[in-house]
Amino acid sequence: MVAKGDFTVTVRKKEVVAAALPLQEHWLPQSNFDLLLPAVDVGVFFCYKKPAAAADNVNKSFGFGSMVDVLKKAMAEALVYYYALAGEVVYNNVGEPELLCNNRGVDFIEAYANVELKDLNLYNPDDTIEGKLVPKKKNGVLSVQATELKCGGIVVACTFDHRIADAYSTDMFLVSWAEIAQSKPISVVPSFRRSMLNPRRPLCIDHEFDNMYVPISSLPPPPPPPHNNPQEANCNKLVSRIYYIKSEQLNELQLLATTGSNRRKTKLESVSAFLWKMVARSANDGMMISKMGIVVDGRTRLSISSNKGDHNNNNFNKSISCMAMGSYFGNVLSIPFGGQNVKELVEKPLSWVATQVHDFLENAVTKDHFLGLIDWVEAHRPDPALAKIYCTPSSDGPAFVVSSGRRFPVSKVDFGWGKPAFGSYHFPWGGDAGYVMPMPSPAGNGDWVIYMHLSEKQLDLIETQASNVFKPMTFDYLISGI
């Protein structure tokens, strides 16, 4: 029997976990990439089965209390490296957010839920995860909740301020936290060198970014809600669901997306194109254009050396740059998007749609693109800006963004009592467009877990017309993959 949110969560204890060592209070400026993010929080959660007794140490017990002690002790040590997460966001005299690294600490909640892991409805996180197992962040940059389940399992969930960390940074912290919990040295020491993302002097402004981003002061006022048609409002309401895709279906989509093309499409391009076709079918009469964006991480792009000269010296500089950007903590994101005619998206083959995806991505996966975006933000400061697709009104036509979580390290977030049975981001991001995030299955078998935050109408259509591809997440699926 699947629980449908009709379980209760009882908070047992709240405390603040600060860094284990004292920190010198200081200010950390936001990079120009950070300034493109609205004040939204990102959730991530991991579900663990009841730990088995340790065969090598009969005295080693993993009851809920001991697991929480491990989490809190490791958190305090991790915050010494990730001190930004123990700070708080404040606004300077021109209205821009900055990070005060004052070691206020992380809010840590201990709770109990009268539900077993096998009965948790992972397919509908709005019903069972939102506001119950993933904490609402009230203070600081990061909040954590550890919830004991009736079966002896545990859910560990975090809520981050997106202005401070993108998914790459969050993943880096989660792995370090787990490594410290197991008394291992951390594999990556985070870097907060904002100077690596300084604008060029003089600025080199590319007005193509005017098509991708918009100063908030230029946005029109939001349209009034459709009070006269509550049914339409309900259909356009964005809700969250979690699905899985079998590796065989991924391969088949990739084959279809590549058919007739002289370039092999990636799995991300193929799945994104397939979703774009589905979402386009949800367009109401009169809607001509559907838009889709894909989040691009700029770390590897900014690591590419553009200097000419001595080959050996160039390789050395490139190696240093790669290491620095690979450990950079913060936001390094761009959201290019494309708009296509709804009729063409629906009627043309998947390979054509995948080519459109590849084409709008092509110019955004370069070093010049990210350097140009840094300069564009600098030219508009202190006026904050947003990605245009984030604030695309639903009345303009269906729109959504895909953010790849394929490097989501679900199997590495092991605090000592075993790998997660399941893990996922949870991000009802508050934008007008939908949001989709594919992640690897915890089974490690090539399947994908896909978090979708789309309208009810779009999800109903996907479940009706693509039920062979996107299957609702169930505990039975997780068991079968273990």
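Since the structure is predicted, the reported quantities are computational estimates derived from the model, not experimental observations.

Conventions and cut-offs
- Residues numbered from 1 in each chain as written.
- Predicted model: local features only at pLDDT ≥ 70, side-chain atom pairs only at ≥ 80, totals over all residues.
- Heavy atoms only, no water.
- Helix = DSSP H or I, 4+ residues; strand = E, 2+ residues; numbered from the N terminus.
- Rg over C-alpha atoms; globule rule 2.2 N^0.38 Å.
- Buried < 20%, exposed > 50% of the residue type's maximum accessible area, 1.4 Å probe, protein only.
- Contact = heavy atoms within 4.5 Å.
- Areas by Shrake-Rupley, 256 points an atom, 1.4 Å probe, with all protein chains shown as cover.
- Expected span 1.5 Å × (residues − 1).
- Arc of directions from axis to C-beta.
- Polar contact = N/O pair within 3.5 Å; in protein donor to acceptor, adjacent residues only side chain to side chain.
- Core = buried A, V, L, I, M, F, W, Y, C linked by side-chain atoms within 4.5 Å.
- Pairing = 2+ DSSP bridges.
- Axes fitted to C-alpha atoms, helices over the stretch in contact; angles between N-to-C directions.
- Phe/Tyr/Trp six-rings, centres within 6.5 Å; stacked < 30°, edge-to-face > 60°.
- pLDDT = per-residue confidence, 0-100.
- Left-handed = near helix turned anticlockwise from the far one by under 90°.
- Nonpolar A, V, L, I, M, F, W, Y, C, P; charged D, E, K, R; others polar.

## Side note on the overall build of the protein chain
No. 1: For the protein chain, the count of helices and strands is 13 helices and 19 strands.
No. 2: Over its C-alpha trace the protein chain gives a radius of gyration of 23 Å, about what one expects of a compact globule, namely 23 Å for 482 residues.
No. 3: Expressed along its principal axes, the backbone C-alpha trace of the protein chain runs to roughly 65 × 55 × 50 Å.
No. 4: Looking at the protein chain residue by residue over its 482 residues, the buried ones come to 54%.
No. 5: Intrachain contacts of the protein chain at a sequence separation of at least 6 include 81% that bridge at least 24 residues.
No. 6: Of the accessible surface of the protein chain, which amounts to about 21300 Å², a share of 51% is contributed by carbon and sulfur atoms.

## Focus: helix 5 (residues 247-258)
Structurally, the α-helix is built with 3.6 residues per turn, so residues lying three or four positions apart point the same way.
No. 1: If you check helix 5, its first and last C-alpha atoms are 17 Å apart, about what 12 residues at 1.5 Å a residue would give, namely 16 Å.
No. 2: Listed as buried for helix 5 are Ser247, Gln249, Leu250, Leu253, Gln254, Ala257 and Thr258. All buried residues of helix 5 lie within an arc of 165° about the axis, which places them on one face of the element. Opposite the buried face of helix 5, at more than 90 degrees from it, the exposed residues are Glu248 and Leu255.
No. 3: In the segment just after helix 5, Gly260 is the residue with positive phi, at about 80°.

## What about the side chain of Gln30?
No. 1: Mapping Gln30 onto the fold places it in the loop between strand 2 (26-29) and strand 3 (41-48).
No. 2: The class of Gln30 is buried, set by a relative accessible area of 7%.
No. 3: In terms of polar contacts, Gln30 uses its side chain to reach the backbone carbonyl oxygen of Arg163, at 2.9 Å.
No. 4: When neighbours within four sequence positions are excluded, Gln30 is seen to be in contact with Leu35, Pro97, Glu98, Leu99, Arg163, Ile164 and Arg194.

## Observations regarding the nonpolar core
Most often, soluble globular proteins keep nonpolar side chains buried together rather than apart.
No. 1: Counting 155 residues, the largest nonpolar core has Phe45, Phe173, Trp177, Phe415, Met452 and Phe470 as its most contacted members.
No. 2: The contact partners of Met452, leaving out residues within four places of it in the chain, are Val239, Ser240, Arg241, Tyr243, Leu275, Tyr435, Val436, Leu459, Ile462 and Phe470.

## Topic: the pairing of strand 18 (residues 448-455)
No. 1: Among the eight residues that make up strand 18, eight are buried, leaving the element largely enclosed by the rest of the structure.
No. 2: Two elements, strand 10 (residues 238-245) and strand 18, share eight bridges in a ladder whose sense is antiparallel. Directly across from Ile245, in strand 18, lies its bridge partner Trp448.
No. 3: As paired elements, strand 17 (residues 434-440) and strand 18 share six bridges and run antiparallel to each other. Residue pairing in the sheet places Pro438 in a bridge with Ile450 of strand 18.

## Here we look at the sheet that holds strand 8 (residues 154-161)
Backbone hydrogen bonds are what pair the strands of a sheet, in a parallel or an antiparallel way.
No. 1: With respect to topology, six strands assemble into an open sheet ordered 1-6-7-8-3-16, the strand pairing being mixed. The sheet is open, and its two borders are formed by strand 1 (9-17) and strand 16 (422-426), each paired with just one other strand. Looking at each pair of strands side by side, their axes are set apart by 15° on average, direction ignored.
No. 2: As paired strands, strand 3 and strand 8 are joined by eight bridges and run antiparallel to one another. Paired with Phe46 across the strands is Val156, a residue of strand 8.
No. 3: Packing of helix 1 (residues 64-81) onto the sheet brings it into contact with strand 1, strand 6 (106-113), strand 7 (142-149) and strand 8, and relative to strand 6 it is tilted by some 165°.
No. 4: The sheet contacts of helix 3 (residues 167-181) involve strand 3, strand 7, strand 8 and strand 16, and relative to strand 8 the element is tilted by about 140°.

## What about the packing of aromatic side chains?
Two aromatic rings, taken as a pair, are described by how far apart their centres are and by the angle between their planes.
No. 1: What the rule picks out here adds up to 25 aromatic pairs.
No. 2: With a centroid separation of 5.7 Å and an interplanar angle of 25°, the aromatic rings of Phe173 and Trp177 are classed as stacked. In this pair, Phe173 and Trp177 are both assigned in helix 3, four residues apart and thus about one turn of the helix distant.
No. 3: Residue Phe173 is classed as buried on the basis of its relative accessible area, which comes to 0%.
No. 4: Judged by centre distance (4.9 Å) and plane angle (80°), the rings of Phe427 and Tyr435 are edge-to-face. Like Tyr435, Phe427 is buried.
No. 5: In textbook terms, an aromatic cluster arises when at least three aromatic residues are bridged by ring pairs, as seen for Tyr48, Phe62, Tyr82, Tyr83, Phe160, Phe173, Trp177, Phe192, Phe329, Phe415 and Trp417.

## Some remarks on the sheet that holds strand 2
No. 1: The strand order across the open sheet built from three strands is 2-5-4, with neighbouring strands paired in antiparallel fashion. Strand pairing shows two members of the sheet lacking a second neighbour, strand 2 and strand 4 (88-91), which therefore form its edges. Pairs of neighbouring strands in the sheet enclose a mean axial angle of 40°, with direction left out of account.
No. 2: The sheet contact formed by strand 2 and strand 5 (residues 97-101) spans four bridges and is antiparallel. Note that in strand 5 the partner of Trp27 across the bridge is Leu100.

## A few points about the confidence of the model for the protein chain
No. 1: Model confidence for the protein chain is summarised by a mean pLDDT of 91, while 90% of its residues fall at 70 or above.
No. 2: The low-confidence segment residues 54-59 (pLDDT under 50) makes one contact with residues lying over four places distant or belonging to another chain.
No. 3: Note that residues 307-320 has pLDDT below 50 and, in this model, four contacts with residues that lie over four places away or in other chains.

## A closer look at the packing of helix 6 (residues 267-280) against helix 12 (residues 456-465)
No. 1: Two elements in contact, helix 6 and helix 12, have axes whose closest approach is 9 Å; the angle formed by their N-to-C orientations is 115°. The way helix 6 lies across helix 12 gives a crossing that is right-handed. Residues Leu275, Met278 and Val279 of helix 6 pack against Gln458, Leu461, Ile462 and Gln465 of helix 12.
No. 2: Residues that form the contact of helix 6 with helix 12 fall into these classes: five nonpolar, two polar and no charged.

## Some points on the side chain of Gln145
No. 1: Mapped onto the elements of the fold, Gln145 is located in strand 7.
No. 2: Residue classification places Gln145 among the buried residues on the basis of a relative accessible area of 5%.
No. 3: Only 2.8 Å separates the side chain of Gln145 from the backbone oxygen of Lys132, close enough to count as a polar contact.
No. 4: Only 2.9 Å separates the side chain of Gln145 from the side chain of Thr147, close enough to count as a polar contact.

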